[in-house]
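Listed below are the residues making up each chain.
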Amino acid sequence: MVLHQLRQFVRHESDTVGSLVLERSMNRVQLLGRVGQDPVMRQVDGRNPVTIFSLATNEMWRTGESEVTQGGDISQKTTWHRISVFRPGLRDVTYQYVKKGARLYVEGKIDYGEYTDKNNVRRQATTIIADNVIFLSDGGMKEKA
């Protein structure tokens, strides 16, 4: 079943609408990590408000003579992700209950964009647009006053 579904994405099976060809594609991100800062809510130019926070994920590996035995050093790399929540119900719950240190599972899509900073310099930004946030711990998760 899963193999059949994957083949629909991999093969050049596409739906044709007139002369327009619509191929299936996927932009999916799953992250499990800890919140690095309390969320903030922003609204730019009267557009929909957005809740923004950072999420840290860690990758660990053993280096040294043998990665199978207990010898060697353990190395770790932390990657920080910018998470943006636009969905109204999820946006509000995330803003209200997520705190620094909370452990979260986030699903969404990756988005690349540009913005101009306060010094009028164009910068690139990578953001995860969350469409699902699952609270995995209550450590750091308290209602804001």
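Worth saying up front: this structure is predicted, and the values here are computed from it rather than measured.

Things to note about the overall build of the protein
- A tally of regular secondary structure across the protein gives two helices and eight strands.
- Along the chain direction, N to C, the helices and strands of the protein fall in the order α-β-β-β-β-β-β-α-β-β.
- Counting across all 145 residues of the protein, residues that qualify as buried make up 24%.
- For the protein, the share of sequence-separated contacts (at least 6 apart) that also reach a separation of at least 24 residues comes to 60%.
- Here the protein displays about 10,700 Å² of accessible surface, and carbon together with sulfur accounts for 49% of that area.

A few points about the pattern of salt bridges
- This structure, assessed with the given rule, holds five salt bridges.
- Linking Glu114 and Arg122 is a salt bridge whose minimum nitrogen-to-oxygen distance equals 2.3 Å.
- With a shortest N-O distance of 2.8 Å, Asp117 and Arg123 are connected by a salt bridge.
- Under the relative-accessibility criterion, Asp117 is labelled buried at 16%.

Considerations on the environment of Arg42
- You can see Arg42 is positioned in strand E4 (residues 40-42).
- Judged by its relative accessible area of 44%, Arg42 is partly exposed.
- The spatial distance from the C-alpha of Arg42 to the C-alpha of Ile52 is 7.6 Å, given a sequence separation of 10 residues.
- In this view, Arg42 contacts Asn48, Pro49, Val50, Ile52 and Arg82; residues no more than four positions away in its chain are not counted.

Things to note about the confidence of the model for the protein
- On average, residues of the protein score 84 in pLDDT, and 77% of them reach the 70 mark or higher.
- Confidence, expressed as mean pLDDT per element, reaches its minimum in the protein at helix H1 (residues 2-10) with 53 and its maximum at strand E3 (residues 29-35) with 97.

Describing unusual backbone geometry
- Within the chain, Asn120 stands out as a residue other than glycine whose phi angle is a positive 65°.
- Within the fold, Asn120 resides in the loop between strand E7 (103-116) and strand E8 (122-135).

Overview of the side chain of Thr51
- With respect to the secondary-structure elements, Thr51 resides in strand E5 (residues 50-63).
- Polar contacts involving the side chain of Thr51 include one to the main-chain carbonyl oxygen of Arg91, which spans 3.0 Å.
- Apart from the residues lying within four places of it in its own chain, the contact partners of Thr51 are Pro39, Val40, Met41, Ile83, Ser84, Val85, Arg91, Thr94 and Tyr95.

What counts and how
- Residues numbered from 1 in each chain as written.
- Predicted model: local features only at pLDDT ≥ 70, side-chain atom pairs only at ≥ 80, totals over all residues.
- Heavy atoms only, no water.
- Helix = DSSP H or I, 4+ residues; strand = E, 2+ residues; numbered from the N terminus.
- Buried < 20%, exposed > 50% of the residue type's maximum accessible area, 1.4 Å probe, protein only.
- Contact = heavy atoms within 4.5 Å.
- Areas by Shrake-Rupley, 256 points an atom, 1.4 Å probe, with all protein chains shown as cover.
- Salt bridge = Lys/Arg side-chain N within 4 Å of Asp/Glu carboxyl O.
- pLDDT = per-residue confidence, 0-100.
- Polar contact = N/O pair within 3.5 Å; in protein donor to acceptor, adjacent residues only side chain to side chain.

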